[in-house]
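One-letter residues, chain by chain:
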Amino acid sequence: MAKKVMVVDDSRTVRQQLGVLLTEAGYEVIEASDGVDGAEEIGKTADLAMVICDVNMPRMDGIQMLSMLRADPKNANLSVLMLTTEGQPELIAKAKAAGARGWIVKPFKPDMLLGAVRKLVGAA
Amino acid sequence: MQPEEVVQLREVVVDAARRIFPGCGIEVGEAREPQEEAPDTKRLVAVMGFSGDVLRGSMALVAPMELMRDAYPLPLKASGWELDVFDWSGEIANRLLGRIRNALAERGVEVAPSTPRVLYAERLQAVGSMRRTICTVAFPSKTSWIEVWFDALAPEGRVVLSPADPNRVAPPEGDVLLFD
């Protein structure tokens, strides 16, 4: 069974780009459009392997969502990779402290992003 | 704001635009003053605000619909594609303001952004007050233009951009930073 990766980004285009990339690599992709939507979807998705998450989003930002996830012990091993335009060292440190496993400044390079996904959760 | 600060901010905006646009499917030439466009040109306007202790303002990205449609990174549907192009325009604005923010942060000025909003305009005209910005700059692309309107205020009257601090440099775009 394909590993499930959730993409949380308020840009539909970015979600579609990642969806095509990850689906072609054999992963099953689930989409969410902001932190609130993402937290809800994570709560009802079984066997989720990983989340790729934007930071600056409406309603709830990515770091708030990450902190919320980590408060629930059942998400303790869920890998979260931040994909964002942000690059300030303080924000990266904040995400790391909140439990992110990695950070990519947009625009992403498909081969490097896929390499990171495989490194964090293994092949599809 | 002092004239030299305006010049410095303009340089940050122009440099960010020149670096971001090609990766978003928009090849651009040298920055220039905006040109008058035909009044019937249909344009997309992606707007974002930002705020911080020493600087606040807004940025608008203005481009013909056709230019943004051609820059869309995936195959477009035969109908109903406009919303996808609106979304991509907002994402380009988000990336541009992100790079501007990172450049400002390297120089000691922190700002936080809003999320983008995209408008579709026919007969768009900039009135006099909209020209009094830090910069309104146009980049030629193909047969048209993409413009960046960057407007900022310094509540304390001055924005002191420090020399770039190597400890505050953002990771290169696209590189993966994995934590232990």
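It should be noted that the structure appears before, not after, this text.
Just so you know, these numbers come straight off a predicted model, no measurement behind them.

Conventions used here
- Residues numbered from 1 in each chain as written.
- Chains lettered and ligands numbered in written order.
- Predicted model: local features only at pLDDT ≥ 70, side-chain atom pairs only at ≥ 80, totals over all residues.
- Heavy atoms only, no water.
- Contact = heavy atoms within 4.5 Å.
- Salt bridge = Lys/Arg side-chain N within 4 Å of Asp/Glu carboxyl O.
- Polar contact = N/O pair within 3.5 Å; in protein donor to acceptor, adjacent residues only side chain to side chain.
- Helix = DSSP H or I, 4+ residues; strand = E, 2+ residues; numbered from the N terminus.
- Nonpolar A, V, L, I, M, F, W, Y, C, P; charged D, E, K, R; others polar.
- Pairing = 2+ DSSP bridges.
- Axes fitted to C-alpha atoms, helices over the stretch in contact; angles between N-to-C directions.

Trainee: Would you mind showing me how to read the interface of chain A and chain B here?
Mentor: Think of interface size as the accessible area that goes away when the parts come together; that is how it is often given. The partner chain B presents 32 residues to the 36 residues of chain A that form the contact. Joining chain A to chain B, the criterion identifies five salt bridges. Asp84(B) is the partner of Arg12(A) in a salt bridge, and the nearest nitrogen-oxygen pair spans 2.9 Å. At the boundary of chain A and chain B, one finds 17 residue pairs in polar contact (both at pLDDT 80 or more). Every element with two or more residues in the side of chain A that touches chain B is listed here: α1 (12–24), α4 (89–98), β5 (102–105) and α5 (110–121) of chain A. Ranked by residue count, the leading element in the side of chain A that touches chain B is α1(A), at six residues. For the side of chain A that touches chain B, a count of residues per class yields 17 nonpolar, nine polar and 10 charged. Relative to strand β7 (residues 176–178) of chain B, β5(A) runs antiparallel, the two being bridged by three bridges. Opposite Ile104(A), over in β7(B), you have Val176(B) as the bridge partner.

Trainee: Is there a simple way to think about the environment of Asn167(B) in this case?
Mentor: Within the secondary structure layout, Asn167(B) lies in the loop between β6 (144–153) and β7. Along the primary structure Asn167(B) and Glu33(B) are separated by 134 residues, whereas in three dimensions their C-alpha atoms are 34 Å apart.

Trainee: How should I be thinking about the sheet that holds β7(B) in this particular structure?
Mentor: Strands pair in a sheet through their backbones, by hydrogen bonds, and they do so in one of two ways: parallel or antiparallel. Ordered in space as β2(A)-β1(A)-β3(A)-β4(A)-β5(A)-β7(B), the six strands form an open sheet in which the pairing is mixed. Of all the strands in the sheet, the pair left with one neighbour each is β2 (28–32) of chain A together with β7 of chain B. Each strand of the sheet is rotated relative to its neighbour by a mean of 20 degrees, with strand direction disregarded. In the sheet, strand β1 (residues 4–8) of chain A pairs with strand β3 (residues 48–53) of chain A via five bridges, with the strands oriented parallel. Within the sheet, the bridge partner assigned to Val5(A) lies in β3(A) and is Met50(A). In this fold helix α3 (residues 62–70) of chain A packs onto β1, β3 and β4 (79–84) of chain A, with an angle of close to 175 degrees to the strand it touches most, β4(A).

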